[in-house]
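Coordinates in review
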Amino acid sequence: EVHLVESGGGLVQPGTSLRLSCAASGFTFEDSAMHWVRQAPGKGLEWVSGISWNSGTKTYADPVKGRFTISRDNAINSLYLQMDSLRVEDTAFYYCAKDRCANGECYWFDPWGQGTLVTVSS
Amino acid sequence: DIVMTQSPDSLAVSLGERATINCKSSQSVLYSSNNKNYLAWYQQRPGQPPKLLLYWASTRESGVPDRFSGSGSGTDFTLTISSLQAEDVAVYYCQQYYRTPVHFGQGTKVEIK
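Computed from a predicted model, the values in this text were never measured in an experiment. (Residues numbered from 1 in each chain as written. Chains lettered and ligands numbered in written order. Predicted model: local features only at pLDDT ≥ 70, side-chain atom pairs only at ≥ 80, totals over all residues. Heavy atoms only, no water.)

1. Brief notes about the pattern of salt bridges
In this structure the tally under the stated criterion is 10 salt bridges over all chains. A salt bridge links glutamate 61 of chain B to arginine 100 of chain A; the shortest N-O distance between them is 2.6 Å. In this pair, glutamate 61 of chain B sits in the loop between strand 8 (59-60) and strand 9 (68-73) while arginine 100 of chain A sits in the loop between strand 9 (92-99) and strand 10 (109-112), so the two residues belong to two different chains. For glutamate 61 of chain B, a relative accessible area of 9% gives the class buried. For arginine 100 of chain A, a relative accessible area of 25% puts it in the partly exposed group. Here glutamate 111 of chain B and lysine 109 of chain B are joined by a salt bridge, their closest N and O atoms 3.7 Å apart. (Salt bridge = Lys/Arg side-chain N within 4 Å of Asp/Glu carboxyl O. Helix = DSSP H or I, 4+ residues; strand = E, 2+ residues; numbered from the N terminus. Buried < 20%, exposed > 50% of the residue type's maximum accessible area, 1.4 Å probe, protein only.)

Here is the structure:
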């Protein structure tokens, strides 16, 4: 069974940094593109960033471009999101999600982890 | 960007009755070379992460009950729950994956009347 477990969320002040992690199991991680999707409390879904299987392609939503960096370590089946210069509007649950396509990046998502909450507040 | 707009924002349906959710994209998500609509539907139950229901606008994900169906093409799509069950109370999202950045609709909350 595919399992995605996010960690690293917490309460931070504006302008600071945080690194999220996602531990993957139950599938061949090194073959799969992966993504981060966020959801502000009580709000809708917003795709944040995606990374190809070999880290050759990294894509970002405009609101986080230049501040967030996605990365992965296929040796330990882990996905990361380095978030710098955090803003109040970055407050959200951050979900790790597997790209549904077997090859390449298709940008639809299944399954999703349970999410980790990032709160940016002074 | 391709913007997704769902309607209604919420609806209340009696158990066993039909629920219909609409999703409109600002540009066509039909890829002419393979005749596929690059649209997915997700279900998010309270306190849970989203779950994929349908892809290619109408292909049901494995394990999804057949009371869930998708239709439409180009810019206009519909998710239908043919006979609402208690466990279907959730927020439903459409999402285009035709072009990055991908976007979701704002969500439609389905409740029991």
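2. Points about unusual backbone geometry
Following aspartate 110 of chain A, the chain continues to proline 111 of chain A via a peptide bond in cis, the omega torsion being -5 degrees. Residues serine 7 of chain B and proline 8 of chain B are joined by a peptide bond in cis, for which omega reads -10 degrees. Here proline 8 of chain B shows up in the loop between strand 1 (4-7) and strand 2 (10-13). Not every positive phi belongs to a glycine, and tryptophan 56 of chain B is a case in point at roughly 50 degrees.

3. A look at the environment of leucine 52 of chain B
Here leucine 52 of chain B shows up in strand 7 (residues 51-55). Apart from residues no more than four positions distant in its own chain, leucine 52 of chain B is found in contact with Arg100, Trp108, Phe109 and Asp110 of chain A together with Ala40, Trp41, Tyr42, Glu61 and Val64 of chain B. (Contact = heavy atoms within 4.5 Å.)

4. A word on the side chain of aspartate 110 of chain A
On the secondary structure map, aspartate 110 of chain A appears in strand 10. Aspartate 110 of chain A sits in the buried class, given a relative accessible area of 17%. Ignoring any residue separated from it by four or fewer positions in sequence, one finds aspartate 110 of chain A in contact with Lys98 and Arg100 of chain A together with Leu52 and Glu61 of chain B.

5. Thoughts on the sheet that holds strand 10 (residues 76-81) of chain B
All names here are of chain B. Reading across from one edge, 1-3-10-9 is the order of the 4 strands in this open sheet, with antiparallel pairing throughout. Edge strands, defined here as strands with exactly one partner in the open sheet, are strand 1 and strand 9. Strand-to-strand twist across the sheet, computed as the mean angle between neighbouring axes with direction ignored, equals 20 degrees. With 4 bridges connecting them, strand 1 and strand 3 (residues 19-25) associate as antiparallel partners. Paired with threonine 5 across the two strands is lysine 24, which belongs to strand 3. (Pairing = 2+ DSSP bridges. Axes fitted to C-alpha atoms, helices over the stretch in contact; angles between N-to-C directions.)

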